[in-house]
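Take a look at the letters that make up each chain.
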Amino acid sequence: DTGVSQDPRHKITKRGQNVTFRCDPISEHNRLYWYRQTLGQGPEFLTYFQNEAQLEKSRLLSDRFSAERPKGSFSTLEIQRTEQGDSAMYLCASSKTGGFYEQYFGPGTRLTVT
Amino acid sequence: QQQVKQSPQSLIVQKGGIPIINCAYENTAFDYFPWYQQFPGKGPALLIAIRPDVSEKKEGRFTISFNKSAKQFSLHIMDSQPGDSATYFCAASPHTDKLIFGTGTRLQVFP
């Protein structure tokens with residue numbers, strides 16, 4: 001069990017550029033979540049998938065954000081036309097379904113928009 | 001109604017002390033309450049979690065106390081150590097759906 005992995009760990013981009021992050025969940029987990037965390041705050045929910053289906057999106061997820069999980073395994077989060085306010089840590093978590101299965105987080109991708 | 005209120009914002013204790021972090025919620029649909037520990041630059045790590053059908057749960061030096069009628073829950077860290085210095089987040093979830101996090105408590109344990 002290698003845990004949740006995220007790539008890249010750090011990304012610096014200029015305002016207006018597009019960025020894409022990848023998350024690989026724990027292998028037997030069919031739920032995958034994206035959260036955003038700004039400095040000094042708790043993580044905020046963005047969206048989640050059960051297998052390849054995107055089941056919920058937060059109002060925080062503007063139309064510049066899109067997430068996919070095409071084969072029910074890894075997921076990507078893309079931000080188009082980045083803004084300075086997008087600077088944050090983007091966290092991915094995964095869990096099993098059914099019962100009260102815990103969410104396990106990856107190390108996060110730190111995005112800095114200059 | 002979706003908020004989870006956490007206090008205190010920061011906490012300083014001596015080694016061996018018992019820091020207590022409190023959280024409160026309003027949404028009665030919440031039925032899963034985990035605590036996470038986060039070190040700088042790392043993702044949150046699950047510490048311990050409780051369901052509302054029990055009033056207390058212990059795992060090692062970490063204890064959750066849960067008061068369903070008051071809609072409050074707290075984390076106690078027994079015999080705290082300098083290595084426990086981190087930020088702690090409570091969270092709540094409606095049936096393992098998305099997690100709603102508190103604002104965090106920065107704990108410092110001095111030798």
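Further up the page is the structure itself.
Residues numbered from 1 in each chain as written. Chains lettered and ligands numbered in written order. Predicted model: local features only at pLDDT ≥ 70, side-chain atom pairs only at ≥ 80, totals over all residues. Heavy atoms only, no water.

*Asks:* In this structure, what is going on with the overall build of chain B? I would like to understand it.
*Replies:* When helices and strands are counted, chain B shows 0 helices and 11 strands. In sequence order, chain B lays out its α and β elements as β-β-β-β-β-β-β-β-β-β-β. Against the globule reference of 13 Å for 111 residues, chain B gives a C-alpha radius of gyration of 13 Å, in line with a compact fold. With the principal axes as the frame, chain B shows a C-alpha extent of 40 × 30 × 20 Å. Relative to its 111 residues, chain B shows a buried fraction of 48%. Across chain B, every contact between residues at least 6 apart in sequence was considered, and the portion connecting residues at least 24 apart equals 54%. When the accessible area of chain B is evaluated, it comes to approximately 5400 Å², of which 49% is carbon and sulfur surface. (Helix = DSSP H or I, 4+ residues; strand = E, 2+ residues; numbered from the N terminus. Rg over C-alpha atoms; globule rule 2.2 N^0.38 Å. Buried < 20%, exposed > 50% of the residue type's maximum accessible area, 1.4 Å probe, protein only. Contact = heavy atoms within 4.5 Å. Areas by Shrake-Rupley, 256 points an atom, 1.4 Å probe, with all protein chains shown as cover.)

*Asks:* When you look at the side chain of A:Asp86 in this model, what are you seeing that I'm missing?
*Replies:* All names here are of chain A. Inspection of the secondary structure assignment puts Asp86 in the loop between β8 (75–79) and β9 (88–95). Take Asp86: its relative accessible area is 3%, and that puts it in the buried class. Beyond its immediate stretch of four places on either side in the chain, Asp86 contacts Arg36, Arg64, Phe65, Ile79, Leu111 and Val113.

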